[in-house]
Amino acid sequence: MNAQRRLALVWALIVCLLVGHNAWLWLGKRIVPGTDILALLPADERDPVLQQSFSHMVDSAQQRVVVLVGAAKWDEAVRAAHAYRSALAPHAGLLAPDAPGEEAQAGWLASLLPHATLLVGGADEGRLREQPPRFWVDKALAGLYSAFSGPRLGAFRDDPFGLFAGWAQERAGETPVRPRDGQLFVAGEGREYVLLTYTLHEPAFSLAAQEAVVPLLERATLEARRAVPAVEVIKAGVVLHAAAAGRQASREIRTIGVGSMIGIVLLTWLTFRSVKPIALTLTAIGIGFLGALSACWLLFGQIHLLTLVFGASLIGVAQDYGIYFLCHRLGADRALDSQRLMRRLLPGLGLTLLAAVIGYMGLALTPFPGLRHMAVFSGLGLVFAWLTVVCWFPALVHGRSLRSGWLAGRYRGMVARWPRASSGIVSLLVVALLGGFAVLGCARLQVNDDIRSLQSSPPELVRDQIRLGKLLDAPSPVQYYLVRGATSEDVLQREEALKRRLDPLVTQGDIAGYQALSNWVPSSQAQAARLKLVEDQLLGAHGALAVLAQEIGEDPSWTAATATHLRALAAPMTLNAFLQTPASEPWRHLWLGEVEGVHASIVGLRGMRYASIPALAQAAEGLEGVQWVDKVGGISALLGRYRADMGWVVLGAYAVVFTVLLPRYRGRTWRVLAPTAAATVLTLALLGFAGQSLQLFHVLALMLLLGVGVDYGIFLQEESEHDADAPWLAVGLSAASTILSFGLLALSGTPALQAFGLTMLAGTALVWLVAPCFIVTKEEIDASPVLV
């Protein structure tokens, strides 16, 4: 008794520390749940440059908010955009507007003018190699005298043959956005849009930023519609998706956690007709949650919001240990001391905890940080709840403090009438029918590891993102080329080699175009080659410039002066210098810099068709330092590989649990595992008949099902030779609570959690139905005490 009291006091001290630590975390706002879904994905540790390229592409986009304000008429779009911009103007410290229209264009043109002679478009470079000087003279005359010759940048002597203007037009062709009346303009779908871009000064995955930005954008949209009722506003930005995910996760925490809690309270009241078991059960669950939260924060330094969502389902498992003790206390002799009862139940309780932790730790074997956090959170939460039951329940629950309720009285006797598995004809026929059902269902089961099937953003956000991407012809951030080299010059040369392979794909329509730094900064090799072409074809003694001077009546001094001026506009370009200019701002995300001793860049693709991915991958083959990156395909392949690997881990876990249970149950060990194994196979069959595609999260749920299902097998085998009523009541209450919690998880809007919940819902219900079939009677044990 004294030892039990000391144990309870020690645990009370630990719980006080947990409460104090959680208060310190939450009241001091030291714990801010993360909402970055990408943080749940595995890092490619084998290739840090590749991982850095993906992070770089994502980071460059996640702080941007892009808005299209459109109307049928341009003046209406401008008026609505002005109202939208004015609504956000007071909050420039949070959302800073980017420089618009002609102002931005003038800045980048001025920065590139010293290199104008070197900036020759691909089409003009081909003509310099193929066309005679007469072609260039005619082109210059047309530009000088014709009103329809196209735009000119600067004075005639700065670009007499239109090479710089042609290059600038090629660069402008990389985006459909154009300056117009001091605005950025794009047209499409029968409307004219003003493009507004903003930079978020707070992290996009900060809950505070999300709570501040989303209402501001909604208010700005209302102001735009007040100015022009027919206006259309299309918004896109990582912060919008993160905010939607945060709202969804918060709703699910309340739904799953509160729903599970209400279900447990109701079931406990109907069973025990007392508030005390409810309070004790909630205490054990609460301590488990607080302990898991503190431990995860100490181990990882952060908590993801989805970890808390998943942890809310812990309620349906953590209450098993308390219910197991309470049901035995209800059915035991009232004179039996609670401490002695706990000592009798402790081996079974210990095995149930061990089996459940083995199930959760299977999640920790995956390379997904999010799943590891969930596994540690859930596993430690169970340990803290178990210790609360063992340390406190014997001291707080006495024989006369519990009464049998309505549910207990009607449910306990059902186990005596439950069918038992045997070698009889009926049992064999049922097994054959279930076997046929399992074979047919599993044969219908398809596999789908596509990461896109786990998309959970609201449809309207996805729709806006797709529309905005099409209107702006934006490149994909998850499919691109990674180009590496020992120096930046190597990188630029390899980009140019890649572009020569991509040009035919543009012609075929596989892609609309590409974005590369070498479009703006040719390699030194290309600069030298272009300058030689200009000298030979245009500036030489018999070049096009001399002929042009004669035809427009200029003397040789004009020719010499113009040639000298054009040579002065051929200052060598370097990548580092370009990255400091205003012209580089939209393209800086393409440069990774030096990573792990190599220089690297990204070549983005516009208007890519998914059917063209094999051709795009083939374009990189054989090019030194060029790698095709398909992050969607890579993560999908990774999900598929770990789905298969985790399948083997589940089988291995069965072997481990069998080995752990064998010393205690000997010949009955197979009876402990058989219900869970049968439920696993039947659950897969049900998924097949339901048209579900098997993915990693279904398999992970089967791993957890092993831990939960073995609990029920242990409960029913542990004391079945004495009294099956108490463990049967414990199994019923535990299974009902688990079904409730995981059933609510199946309602999650996050596809991964939904798949997990559906699997656990079906599997737990099947284990509950099948487990009593394997109970053995005392007579059967006496007849065959070793092999039953």
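Note that the structure is a prediction, hence the values are computed from the model and not measured.

Here we look at the overall build of the protein chain
Right, so step 1: When you go through the protein chain residue by residue, the secondary structure sums to 29 helices and 13 strands.
Right, so step 2: Here the protein chain, with 788 residues, has 54% of them falling under the buried criterion.
Right, so step 3: Entry remark: accessible area of the protein chain is about 33,700 Å², with carbon and sulfur atoms responsible for 62%.

Comments concerning the nonpolar core
Right, so step 1: Judged by nonpolar contacts, the single largest core of 102 residues is most densely connected at Tyr321, Phe325, Leu382, Leu661, Val710, Phe756 and Met760.
Right, so step 2: Other than its neighbours up to four places away in sequence, Met760 contacts Ala701, Leu704, Leu705, Val708 and Phe742.
Right, so step 3: Core analysis: the second largest hydrophobic core is formed by 51 residues, Met57, Val521, Phe578 and Ala619 among them.

Details of the packing of helix α5 (residues 122-130) against helix α6 (residues 133-145)
In a pair of packed helices, the angle between the axes and the distance between the axes together describe the arrangement.
Right, so step 1: Relative orientation of the contacting elements α5 and α6 amounts to 135°, with a least axis distance of 8 Å. Comparing the axis directions of α5 and α6 gives the class oblique. Across from Asp124, Arg127 and Leu128 in α5, the residues of α6 making contact are Phe135, Trp136 and Lys139.
Right, so step 2: Partitioned by chemical class, the residues of the contact of α5 with α6 number 3 nonpolar, no polar and 3 charged.

Observations concerning the pattern of salt bridges
Right, so step 1: Taken as a whole and assessed by the stated rule, the structure comprises 18 salt bridges.
Right, so step 2: With its nearest N and O atoms 2.9 Å apart, the salt bridge here joins Lys532 to Asp536. Of this pair, Lys532 and Asp536 both sit in helix α19 (residues 524-539), 4 residues apart, which is roughly one turn of that helix.
Right, so step 3: When its relative accessible area of 47% is taken as the criterion, Asp536 is described as partly exposed.
Right, so step 4: Members of the salt-bridge network, linked through shared partners, are Glu189, Arg191, Glu232 and Arg467.

Describing empty space enclosed by the protein
Right, so step 1: This structure, assessed with the given rule, holds 2 cavities of 30 Å³ or more.
Right, so step 2: In this structure, the largest cavity occupies an estimated 100 Å³ of space.
Right, so step 3: Looking at the largest cavity, the residues that line it are Ala116, Thr117, Asp158, Asp159, Pro160, Phe161, Leu163, Phe164, Val534, Leu538, Leu539 and Leu566.
Right, so step 4: Every element with two or more residues in the lining of the largest cavity is listed here: α7 (163-172) and α19.

Points about helix α26 (residues 696-718)
Right, so step 1: With 23 residues, α26 should reach 33 Å at 1.5 Å per residue; the first-to-last C-alpha distance of 33 Å fits that figure.
Right, so step 2: The largest bend in α26 comes to about 25°, at Leu705.
Right, so step 3: Counting buried positions along α26 gives 23 out of 23 residues, so the element sits mostly inside the fold.

Some words on the layout of surface pockets
Right, so step 1: Its boundaries defined by the atoms lining it, the second largest pocket holds a volume of some 720 Å³.
Right, so step 2: If you go around the second largest pocket, you meet 29 residues; those closest to its centre are Gly122, Lys499, Asp503, Tyr514 and Asn519.
Right, so step 3: Mapped by element, the contributors of at least two residues to the lining of the second largest pocket are α5, α7, α18 (488-508), β9 (513-515) and α19.
Right, so step 4: Tallied by class, the residues present in the lining of the second largest pocket amount to 8 nonpolar, 10 polar and 11 charged.

Section: the pairing of strand β12 (residues 626-630)
Working note: regular strand, side chains alternate between the two faces of the sheet.
Right, so step 1: Of all 5 residues that make up β12, 4 are buried, and the element is covered over most of its length.
Right, so step 2: Sheet topology places strand β8 (residues 479-485) next to β12; 5 bridges connect them, and they run antiparallel. What sits directly across from Val483, in β12, is Val626.

Let's talk about the packing of aromatic side chains
Right, so step 1: Summed over the entire model, instances satisfying the criterion amount to 16 aromatic pairs.
Right, so step 2: On the basis of an interplanar angle of 85° and a centroid distance of 5.7 Å, the ring pair of Trp24 and Trp297 is categorised as edge-to-face. Within this pair, whereas Trp24 is found in helix α1 (residues 2-27), its partner Trp297 is found in helix α10 (residues 275-300), the two being separated by 273 residues in sequence.
Right, so step 3: With relative accessibility at 40%, the residue Trp24 sits in the partly exposed group.
Right, so step 4: Measuring from ring centre to ring centre gives 5.8 Å for Phe164 and Trp167, while their planes differ by 10°; the resulting arrangement is stacked. Here Phe164 pairs with Trp167, and both are found in helix α7, just 3 residues apart, close to one helical turn. Accessibility classification places Phe164 together with Trp167 in one group, the buried group.
Right, so step 5: Among the aromatic residues, ring-to-ring pairing joins Phe164, Trp167, Trp520, Phe578 and Trp587 into one connected group.

Points about a nonpolar patch on the surface
Right, so step 1: On the surface, Ile425, Val426, Val430 and Leu434 cluster together into a nonpolar patch covering about 400 Å² of accessible area.
Right, so step 2: Note on placement: Val426 falls in helix α16 (residues 425-444).
Right, so step 3: Classification of Val426 as exposed rests on a relative accessible area of 60%.

Looking at the pairing of strand β10 (residues 591-595)
Right, so step 1: Within β10, 4 of the 5 residues are buried, leaving the element largely enclosed by the surrounding structure.
Right, so step 2: Summarising the sheet, β10 and strand β11 (residues 598-606) pair through 4 bridges and their orientation is antiparallel. The residue bridging Trp591 from the neighbouring strand is Ser601, located in β11.
Right, so step 3: Taking the residues that link successive antiparallel strands as the turn, the β10-β11 hairpin has 2 residues, and the phi of Glu596 there is positive, at about 55°.

Focus on helix α20 (residues 544-551)
Right, so step 1: Every buried residue belonging to α20 is among Ala544, Leu545, Ala546, Leu548 and Ala549, and all of these are buried.
Right, so step 2: Where the residues of α20 are buried, they touch α6, α19 and α21 (556-568).
Right, so step 3: The positive-phi residue at the C-terminal boundary of α20 is Gly553, with phi of around 80°.

Section: the environment of Tyr321
Right, so step 1: If you trace the backbone, Tyr321 turns up in helix α12 (residues 315-331).
Right, so step 2: Residue classification places Tyr321 among the buried positions, given a relative accessible area of 0%.
Right, so step 3: Between the C-alpha atom of Tyr321 and that of Leu387, which follows or precedes it by 66 residues, the distance is 9.4 Å.
Right, so step 4: Beyond its immediate sequence surroundings of up to four residues, Tyr321 is in contact with Leu349, Thr352, Leu353, Ala356, Leu382, Trp386, Val389 and Asp711.

Quick look at the side chain of Lys235
Right, so step 1: Relative to the elements of secondary structure, Lys235 occurs in strand β6 (residues 232-237).
Right, so step 2: Within the buried core, Lys235 has no salt-bridge partner, and the shortest N-O distance to an opposite charge, that of Asp464, equals 5.6 Å.
Right, so step 3: When near neighbours in sequence (up to four residues on either side) are disregarded, Lys235 contacts Val66, Val67, Tyr84, Leu217, Thr221, Leu240 and Asp464.

Some details on the environment of Gln618
Right, so step 1: For Gln618, the location among the structural elements is in helix α23 (residues 613-619).
Right, so step 2: Take Gln618: its relative accessible area is 52%, and that puts it in the exposed class.
Right, so step 3: Note: C-alpha distance between Gln618 and Arg501 (117 residues apart in sequence) is 9.7 Å.

Thoughts on unusual backbone geometry
Right, so step 1: Positive phi outside glycine occurs at Glu189, with the angle close to 60°.
Right, so step 2: In this fold, Glu189 is placed in the loop between β4 (183-188) and β5 (191-200).
Right, so step 3: A residue is classified by how much of its surface remains accessible, and Glu189, at 52% relative accessible area, is exposed.
Right, so step 4: You will see that Asp473, though not glycine, has its phi angle at about 55°, which is positive.
Right, so step 5: With respect to the helices, strands and loops of the structure, Asp473 is situated in the loop between α17 (459-472) and β8.

Basis of the calculations
Residues numbered from 1 in each chain as written. Predicted model: local features only at pLDDT ≥ 70, side-chain atom pairs only at ≥ 80, totals over all residues. Heavy atoms only, no water. Helix = DSSP H or I, 4+ residues; strand = E, 2+ residues; numbered from the N terminus. Buried < 20%, exposed > 50% of the residue type's maximum accessible area, 1.4 Å probe, protein only. Areas by Shrake-Rupley, 256 points an atom, 1.4 Å probe, with all protein chains shown as cover. Core = buried A, V, L, I, M, F, W, Y, C linked by side-chain atoms within 4.5 Å. Contact = heavy atoms within 4.5 Å. Axes fitted to C-alpha atoms, helices over the stretch in contact; angles between N-to-C directions. Parallel < 35°, antiparallel > 145°, perpendicular 65-115°, else oblique. Nonpolar A, V, L, I, M, F, W, Y, C, P; charged D, E, K, R; others polar. Salt bridge = Lys/Arg side-chain N within 4 Å of Asp/Glu carboxyl O. 1 Å grid on protein atoms, 1.4 Å probe; cavity = no way out; pocket = protein on both sides within 12 Å on 5 of 7 lines; lining within 4 Å. Points joined across faces, edges and corners; volume = space filled by probe spheres on them. Expected span 1.5 Å × (residues − 1). Bend = angle between axes of the 7 residues up to and from the residue. Pairing = 2+ DSSP bridges. Phe/Tyr/Trp six-rings, centres within 6.5 Å; stacked < 30°, edge-to-face > 60°. Patch = residues over 30% accessible without salt bridge, like charges linked within 9 Å, V, L, I, M, F, W, Y side chains within 5 Å. Lys, Arg positive; Asp, Glu negative; His and termini not counted.

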